[in-house]
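The residues making up each chain are set out below.
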Amino acid sequence: MDLISFVIIGLVAGSIYGLAAVGLVLTYKTSGVFNLGHGALAALAAYSFYVLNVQLELSWPIAAAGTVCAVGPAVGLLLELLARRLQGAALPLQIAGVVGILLVVQAGTLLIFGAQEVRRVPSFLPKGRIEIAGTFIQYDDVLTFVIAVVATAGLWAFLRWTRTGIAMKAVVQNPELLELVGHSATRVRRWAWILGTVMASLSGVLLAPIMPLDPVQLTLLVVAAYAAAAIGTFSNLPGTFAGGLVVGVLAALSTRWLTNGILASLPAALPFAILFVVLLFFPKKYLADKTAVRIHPRATWKAPVRLQATGGALVVAFLVTVPLFAGIHLVDWTVAVAMILVFGSLSLLVHTSGQVSLAQIGFMAIGAATFSHLLQGTGMSWPAALLLAGAVAVPIGAVLAVPAIRLGGLYLAIATFGFGIFLQQMFYTQDFMFGAASSGLEVRRPDTMIVDLASDTGYYYLVLAIAVVSVAVVFTLERGRLGRLLTYIKQSPRAAEANGVPAAVTRVLIFCITAFLAAIGGALAASAQQSISADSYAPIISLTVFVIIVLNGPAVPWNAVLAAAAYTLIPSYFPSTEVGTYLQLLFGISAIALVMLPPAQLPVRVTSLVDRWFRRDDRTEPALRTEPVDVEPIEPVVLEVSKVGVTFGGVKALDGADIVCTPGRVTGLIGPNGAGKSTLFNAVTGLVATSGGSVSLGGADLRGKSPSARARAGIGRTFQTVELFESMTVRDNVSVGAEGRTVRLDPITHLRSSKAERDRIRSATESALAACGLEDVADQHVMNLPTGTRRLVEVARCLAGGHTILLLDEPSAGLDHNESARLGELIRRVVDERGIGVILVEHDVSLVLGVSDDVYVLEFGRVIFSGSAADARRSSVVQAAYLGTTEPVDEVQSGRELEEIK
Ligand code: ADP
Ligand code: MG
């Protein structure tokens, strides 16, 4: 075939990708929910078309219209109901919800239509061909392409020119404003879901005659559309459609050129490779995460350690007896115990850190295959091979974490989902992965040592021992520093970084740990079965695995134990071919129910009773007993901001500002709203990119340093809109200030802390609590506190950090007059006692002028006044700046302030 034919094949396939991707992007943009189940909607439509056209023998136009115009919108309406619950839910729950749809559609179609019979939809578009420049082109190809282009163009025109369409674009940015101008945000989103699902349905109908119907294949094919969406930066519709064409053509051309060896597998894997490359290398500003996650915090109750230890001992005792009764199921029990590793690590990732991996089965496959090859091919000992099999997965895990770190958690889910499929398409078929012609691999068990470890029983106990150790490790990690850091990052990445935690390192670390344990789990399970093949590692299973761990709740290791049992033992004891499919259906429905139903919680009466019985030792004693450990003397350094500029899309928020903050002095920074005060803090702490100028601390240039590095260097800050760790207590919030600075780039510092360090953190926390008068509320959860107190918590957190420079952004907003005055005294005292420098941004001008030594006035990003507080009082510029205040809420207050200034 000549080149043109390949291009045409590519364009036709690409137009279907593009069509599907456009629908995906539309719903993502308008609702902030990325529908990973979008491909399942195409599969559903293909089956619907099959039923109408083939089984009910309706003519194809009626079948197509019924599918696209009736089934599609109906499904879209249901999805909108689901999406409404998903908006603002935590990422794992969001993804569990949409993955639930995918599982239900796949399992449902498999159960209704059966897996045996091959079902085909006859080609329905007109037959015939035309010749263009010596190449024959089929009518149906041309028509498919034209339909896809027209549908996309129609949608684009709709968004551009109709009222509803324009509202649809606005709904993400500002739903409240949209309501004000008379649109219902819900109605607009409902339209988006209808249209998005119609697009998916149309692509499903167009795909139906091209391939035999198979829910998994159809779904995965549309995952290729993610690459198109990524090229369109998940927001631009024409770009997305063009991206679909690019993916289609590249994949088609690669089938022509890449026909040998490993590269022959590339065409099928190409869309996922493109997806990954885009996520890794596309400039970040185009790909910002649009999922507006506003997690409604809830205080989670953890069972007392003593109760858990008792329960753990009982479970282990039970597991020890398993070989007595398991009989032929013993190997499955072994696999189940190995799966505890996989689920336990996944729980750390999903529950503790709030990230999502959809490639666990891929990591298991890597572990299992590597393990087998190491045992067969090299003379390596069994334990060494096991560890190495785990280690091989680690760098892969690290690379996969990059999109998440660059772009946000959603992209980790997308990248891992794509990676799982890539792995299957590209490597599962290679001889070096699962053996020649994918015939399967033998996986040896360990040699008999003193006891027979190769027998089913001996091997079971070996795996049980490894699992107990691993669970203990995971449990310790979760309860220890890593668990805490992950919680901070999950609840407020900005606050975590501002307190010195290099969140990227923590994220990579947790992903490496997860990959390692999943690979080990895979190797252990493979060695239980003694032979493995690619079939056991279909990437779609990763979705089930993920949903199971979400369903089993956050309590490590219990969730892992239950998940492993549900995943492995139920199918083992009900050995029908359909039980797996029924389970998939059940998990999918449960995931959707989890989203739709109100969250279940243990009644307080139960938890408090349990606490009373068991919780005696594992509670840190309140402050009273801690001796104040000497706070390390702080070396005074100067913060110099010189000629810094910051631009937001043409608006100069900072225009060459010069400010010096001297140790032992309070530097007041005032200016009207929008003057650039908060932006200055963001520039100093590395949260926004600066254009020109420099920021230096003690003479050292901070350029290129991350926010967390700047915090560790000694710059602490509060935020204008308070950034707290909502579900944590006041004391735990404050301690982050002290703990964050002890975490460095070295991964070990993310895992453990020394006793001396812990003592220092505790005493810094207690003295900061005392300084801010927060002892009485120390054990309360911050989400329940009034704004004024919340601000004080943030100030205390900042104090606990022992920083050399503190940047306080309107700390007195929400405080009453007395509280403000006390805050002023506190700031003064801290500066005098510790010799640190403070920049105080305040609306309360009397407070600023009362406590500051130096005063700067900022307007339109420029310093229009600098001098002593006394000069500022007299300065007409200062007064003018305050006369210029336009914010109506502040008018009364400003009036009073002006009186005082005069
Ligand atoms: P202040 O803290 O003095 O009230 P800000 O520093 O918050 O002022 O804002 C300065 C200017 O920069 C304002 O015009 C504001 O709208 C703009 N601005 C601040 N942050 C952003 C952002 N992330 N994107 C776009 N514009 C911004
Ligand atoms: Mg501000």
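Owing to the predicted nature of the structure, the values given are computational and were not obtained by experimental measurement.

### Description of the coordination of the magnesium ion (ligand 2)
Coordination sphere of the magnesium ion (ligand 2), protein contribution only: Ser678 (OG) and Gln720 (OE1), at 2.0 to 2.1 Å. Of this pair, Ser678 sits in helix 26 (residues 677–685) while Gln720 sits in the loop between strand 10 (715–717) and helix 28 (730–740), and the two are 42 residues apart along the sequence.

### A word on the pattern of salt bridges
Working definition: two side chains of opposite charge can pair if their charged atoms are close together. Per the counting criterion, the structure on display carries 22 salt bridges. In this structure, Glu794 engages Arg797 in a salt bridge whose closest nitrogen and oxygen atoms are separated by 3.5 Å. Pair noted here: Glu794 and Arg797 are both in helix 31 (residues 787–800), with a separation of three residues, about one helical turn. Residue Glu794 is classed as buried on the basis of its relative accessible area of 1%. Look at the salt bridges and you will find they share partners, linking Arg481, Arg484, Glu739 and Glu757 into a network.

### Brief notes about the sheet that holds strand 10
Overall, mixed pairing links the six strands, which are arranged 10-11-12-7-13-14 in an open sheet. Where the open sheet ends on each side, the last strands, each with one partner, are strand 10 and strand 14 (862–868). Within the sheet, the average angular offset between the axes of one strand and its neighbour, ignoring direction, is 15°. Where strand 7 (residues 666–670) meets strand 12 (residues 837–841), four bridges bridge the pair, whose relative direction is parallel.

### A short note on the side chain of Glu497
If you trace the backbone, Glu497 turns up in helix 20 (residues 493–498). Buried within the structure, Glu497 lacks any salt-bridge partner; Arg507 is the closest side chain of opposite charge, at an N-O distance of 6.1 Å.

### Quick word on the sheet that holds strand 6 (residues 651–661)
Spatially, 6-5-8-9 is the arrangement adopted by the four strands of the open sheet, whose pairing is antiparallel. In this open sheet, the two edge strands, each paired with only one partner strand, are strand 6 and strand 9 (700–701). Here strand 8 (residues 694–697) pairs with strand 9 via two bridges, running antiparallel. Residue pairing across strands places Leu697 opposite Ala700, the latter belonging to strand 9. Relative to the sheet, helix 26 contacts strand 5 (639–648), strand 6 and strand 8, its axis offset from that of strand 5 by approximately 110°.

### Brief notes about the domain arrangement of the chain
Examined at the domain level, the chain breaks down into domain 1 (2–255), domain 2 (328–574) and domain 3 (634–714 + 804–818 + 836–902). On a C-alpha basis, the centres of domain 1 and domain 2 stand 33 Å from each other. Listed by partner, the interface residues are 15 residues for domain 1 and 18 residues for domain 2. Taking both partners together, domain 1 and domain 2 bury about 1,500 Å²; carbon and sulfur atoms supply 88% of that area. Taken as a group, Leu91, Pro92 and Leu220 account for 31% of the area that domain 1 buries against domain 2, more than any other trio of residues on that side. Run the count over domain 1 and domain 2 and you get zero salt bridges. Tallying contributions element by element places helix 4 (residues 91–113) first for the side of domain 1 that touches domain 2, with eight residues. Considering only residue class, the side of domain 1 that touches domain 2 consists of 14 nonpolar, one polar and no charged.

### Concerning helix 10 (residues 237–257)
An ideal rise of 1.5 Å per residue puts 30 Å on 21 residues; helix 10 measures up with 30 Å between its terminal C-alpha atoms. Where helix 10 begins, the capping side chain belongs to Asn236, and its oxygen is found 2.7 Å from the backbone nitrogen of Gly239.

### A few points about the pairing of strand 6
Each regular strand shows side chains that alternate between the opposite faces of the sheet. In the sheet, strand 5 pairs with strand 6 via eight bridges, with the strands oriented antiparallel. What sits directly across from Phe648, in strand 6, is Val651.

### Comments concerning the environment of Gly232
Along the chain, Gly232 turns up in the loop between helix 9 (215–231) and helix 10. Each C-alpha atom, one on Gly232 and one on Ile592, is 29 Å from the other, the two residues being 360 residues apart in sequence. Residues within four places of Gly232 in sequence aside, it is in contact with Gly239 and Thr240.

### Let's talk about helix 4
Given a rise of 1.5 Å per residue, 23 residues ought to cover 33 Å, and the 33 Å separating the end C-alpha atoms of helix 4 matches this to within 8%. Most of helix 4 is tucked away, with 18 of its 23 residues classed as buried. In the stretch just after helix 4, Gly114 is the one whose phi turns positive, near 75°.

### Focus on a nonpolar patch on the surface
The grouping of Ile130, Ile132, Tyr139, Val142, Val146 and Val150 at the surface amounts to a nonpolar patch, some 460 Å² of accessible area in total. Only strand 1 (129–132) and helix 5 (139–161) provide two or more residues apiece to the nonpolar patch. Examining the composition of the nonpolar patch, we find that four residues originate from one element, helix 5, more than from any other.

### Points about the packing of helix 11 (residues 266–281) against helix 16 (residues 409–428)
Packing of helix 11 against helix 16 brings their axes to within 8 Å, and their N-to-C directions diverge by 155°. The angle between helix 11 and helix 16 falls in the class roughly antiparallel. Judged by the sense of rotation from one axis to the other, the crossing of helix 11 with helix 16 is left-handed. Residues Leu266, Ala268, Ala269, Phe272, Ala273, Leu275, Phe276 and Leu279 of helix 11 form the contact with helix 16, whose participating residues are Tyr411, Ile414, Ala415, Gly418, Ile421, Phe422, Gln425 and Met426. Looking at the contact of helix 11 with helix 16 residue by residue, the class counts come to 14 nonpolar, two polar and no charged.

### Topic: the site of ligand 1
Around ligand 1 sit Phe648, Ala653, Pro672, Asn673, Gly674, Ala675, Gly676, Lys677, Ser678, Thr679 and Gln720, and those are all the residues in its vicinity. One of the backbone nitrogen or oxygen atoms of Gly676 is found 2.9 Å away from an oxygen atom of ligand 1. Between an oxygen atom of ligand 1 and a main-chain N or O atom of Lys677, the distance comes to 2.8 Å. Summarising the interface, the protein chains cover 58% of the accessible area of ligand 1, which totals 560 Å² for the free molecule. Broken down by element, the residue count for the shell around ligand 1 peaks at three residues, all from helix 26. In terms of residue class, the shell around ligand 1 is built from four nonpolar, six polar and one charged.

### Focus on the packing of aromatic side chains
Scanning all chains against the criterion turns up 26 aromatic pairs. Ring geometry for Phe325 against Trp333: centres 5.9 Å apart, planes inclined by 90°, an arrangement best described as edge-to-face. With relative accessibility at 43%, the residue Phe325 sits in the partly exposed group. Between Phe427 and Phe432 the ring centres are 5.9 Å apart and the planes differ by 55°, which places this aromatic pair in the tilted class.

### Considering unusual backbone geometry
Here the bond from Val556 into Pro557 is cis, since omega is -5°, no more than 30 degrees from zero. Checked against the element boundaries, Pro557 lands in the loop between helix 22 (540–551) and helix 23 (558–573). Although it is not a glycine, Lys643 sits at a positive phi angle of roughly 55°. Phi is positive for Phe860, close to 45°, though the residue is something other than glycine. On the secondary structure map, Phe860 appears in the loop between strand 13 (854–859) and strand 14.

### Quick notes on the side chain of Arg731
Positionally, Arg731 belongs in helix 28. In this structure the side chain of Arg731 is engaged in a polar contact, spanning 2.8 Å, whose partner is the side chain of Asp779.

### Quick notes on the environment of Gly699
For Gly699, the position within the fold is in the loop between strand 8 and strand 9. Each C-alpha atom of the pair Gly699 and Val637 lies 8.3 Å from the other, and the pair is 62 residues apart in sequence.

### Concerning the confidence of the model for the chain
Looking at the chain, the pLDDT average stands at 88 and 94% of residues meet or exceed 70. Below pLDDT 50 for its whole length, residues 618–628 participates in 10 contacts with residues either more than four positions away or in separate chains.

### Details of the pairing of strand 1
By the bridge criterion, four bridges tie strand 1 to strand 2 (residues 135–138) in an arrangement that is antiparallel. By the bridge assignment, Arg129 is partnered in strand 2 with Gln138. Here strand 1 folds back onto strand 2, and the loop between the two strands holds two residues, one of which, Ala133, carries a positive phi near 50°.

### Let's talk about the nonpolar core
Residues Ile95, Phe234, Phe434 and Tyr537 are the most contacted members of the largest nonpolar core, which totals 199 residues. Of all the elements, helix 13 (residues 330–352) adds the most residues to this core, at 15 residues. Setting aside chain neighbours within four positions, we find Phe434 in contact with Ala365, Ala369, Tyr428, Ser439, Gly440, Leu441, Ile532, Ser533, Ala534 and Tyr537. With 37 residues, the next largest nonpolar core counts Val666, Val777, Leu806 and Leu808 among its residues.

Thresholds, definitions, all that
Residues numbered from 1 in each chain as written. Chains lettered and ligands numbered in written order. Predicted model: local features only at pLDDT ≥ 70, side-chain atom pairs only at ≥ 80, totals over all residues. Heavy atoms only, no water. Donors = N, O, S within 2.8 Å, 3.2 Å for Na, K, Ca; no water. Helix = DSSP H or I, 4+ residues; strand = E, 2+ residues; numbered from the N terminus. Salt bridge = Lys/Arg side-chain N within 4 Å of Asp/Glu carboxyl O. Buried < 20%, exposed > 50% of the residue type's maximum accessible area, 1.4 Å probe, protein only. Pairing = 2+ DSSP bridges. Axes fitted to C-alpha atoms, helices over the stretch in contact; angles between N-to-C directions. Lys, Arg positive; Asp, Glu negative; His and termini not counted. Contact = heavy atoms within 4.5 Å. Domains from an automatic or database assignment. Buried area = accessible area lost by both parts, 1.4 Å probe. Nonpolar A, V, L, I, M, F, W, Y, C, P; charged D, E, K, R; others polar. Expected span 1.5 Å × (residues − 1). Polar contact = N/O pair within 3.5 Å; in protein donor to acceptor, adjacent residues only side chain to side chain. Patch = residues over 30% accessible without salt bridge, like charges linked within 9 Å, V, L, I, M, F, W, Y side chains within 5 Å. Areas by Shrake-Rupley, 256 points an atom, 1.4 Å probe, with all protein chains shown as cover. Parallel < 35°, antiparallel > 145°, perpendicular 65-115°, else oblique. Left-handed = near helix turned anticlockwise from the far one by under 90°. Near = heavy atom within 4 Å. Phe/Tyr/Trp six-rings, centres within 6.5 Å; stacked < 30°, edge-to-face > 60°. pLDDT = per-residue confidence, 0-100. Core = buried A, V, L, I, M, F, W, Y, C linked by side-chain atoms within 4.5 Å.

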